[in-house]
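# Observations on chain architecture
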Amino acid sequence: MRRVRYESRGGPLFLEETGIPEPGPGQLLVRCAAIGVTLPVVRKVREAAEPIALGGELAGEVVATGPGVTRFRSGDMVTGLCFGHGYADYAVLQEAMASPVPAGADAVDAVALVRSGLVALGALASARLAPGESVLVTAAASGVGHLAVQLARARGAGRVVGAVSAPGKAEFVRSLGADDCIQYSDDSWGDPVDCVVDAVGGDLLTPALAALAPHGRLVAYSSGGGTLRAYDLLVGAKSVIGFQMALIARGQPELYEEWRRELWRLCHEGAVRPVVHARFPLEEAARAHALIESRANLGKVVLCP
């Protein structure tokens, strides 16, 4: 089979031939039909001291199961998070990290919807967004952000604002249901909001916190880091909340499953639509990474072996 890897920090990425892996206890062997390309993986290629296995979101058909697997069998369509080599024709998934793809659903849509949607839904839940409240979503045109805009509306937000890096993304964000769209460089981010869902971190945390109304909540789920002054929290009685999906998947599987069902329901009802910006063949993984790094994507970037 083919898989993508690299040998030194920053790449280049290249395709190699290797053997098809065997599923171990509690594992599924999946023939990959779609693989999501995410900013955290792109960042790790650029920044990690040692090469990493290119894992992440994928969807495809189960072709074999390891000992102890009870929920899936060969022929099932699944999506999930791969912690090993996921940029490949075949990949191994832990059964606990896999979920079924409903009949009739497309593998590409599953990759664009499920993991990114779960993160968006979890971030909004952590923000305790109440019906009628206002919410600002940073990276609103990204794979997670474009779903967070739609999910905020579906969950009853009274006003939804998207924040983006470039003016060319504003029309796309408004087409998703945002009431307004601002740029990070704007002097003012408009009227204060009750919640900010932040995917960027770093220097953007300060203006994101300033965009909150008194008693507002900022949920940080990015890998971009950043720091805030305690005084800036005190003066407005504001809160900053960290969110990580892996903790939910491992520690609260019932909630994880509830959110997954909600996502598919909203998708089937037309309240949420995953947008795929571009599909690349496996051998063009480097182009997919370059697109993510350029922050030019409107929605999800997917590899299709």
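Details of the structure are given in the entry above.
Residues numbered from 1 in each chain as written. Predicted model: local features only at pLDDT ≥ 70, side-chain atom pairs only at ≥ 80, totals over all residues. Heavy atoms only, no water.

### Focus: the packing of helix α1 (residues 39–47) against helix α9 (residues 285–294)
- Their axes nearest at 10 Å, the elements α1 and α9 cross at an angle of 100 degrees. By the angle between their directions, the pair α1 and α9 is classed as roughly perpendicular. In contact with L39, V41, V42, V45 and R46 of α1, α9 contributes H289, I292 and E293.
- Here the contact of α1 with α9 is built from residues that sort into five nonpolar, one polar and two charged. (Axes fitted to C-alpha atoms, helices over the stretch in contact; angles between N-to-C directions. Helix = DSSP H or I, 4+ residues; strand = E, 2+ residues; numbered from the N terminus. Parallel < 35°, antiparallel > 145°, perpendicular 65-115°, else oblique. Contact = heavy atoms within 4.5 Å. Nonpolar A, V, L, I, M, F, W, Y, C, P; charged D, E, K, R; others polar.)

### Notes on the side chain of E57
- Residue position: E57 is located in strand β4 (residues 56–65).
- Excluding anything up to four places from it in sequence, E57 contacts A34, I35, G36, T38, G80, L81, V111, R115, S116 and K300.

### Some thoughts on unusual backbone geometry
- Cis geometry is found at the peptide bond from G11 to P12, where omega equals 15 degrees.
- With respect to the element layout, P12 can be found in the loop between β1 (2–5) and β2 (14–17).
- The phi dihedral of A237 is positive, around 50 degrees, even though this residue is not glycine.
- By secondary structure assignment, the location of A237 is in the loop between α6 (230–234) and β13 (239–242).
- One non-glycine residue, R295, lies in positive phi territory at about 60 degrees.
- Structurally, R295 can be placed in the loop between α9 and β15 (300–303).

### Some words on the environment of L81
- Mapped onto the elements of the fold, L81 is located in strand β5 (residues 77–82).
- Classification of L81 by relative accessible area gives buried; the value is 14%.
- Separated by 221 residues in sequence, L81 and V302 have C-alpha atoms that sit 14 Å apart.
- Excluding anything up to four places from it in sequence, L81 contacts G56, E57, L93, M97 and R115. (Buried < 20%, exposed > 50% of the residue type's maximum accessible area, 1.4 Å probe, protein only.)

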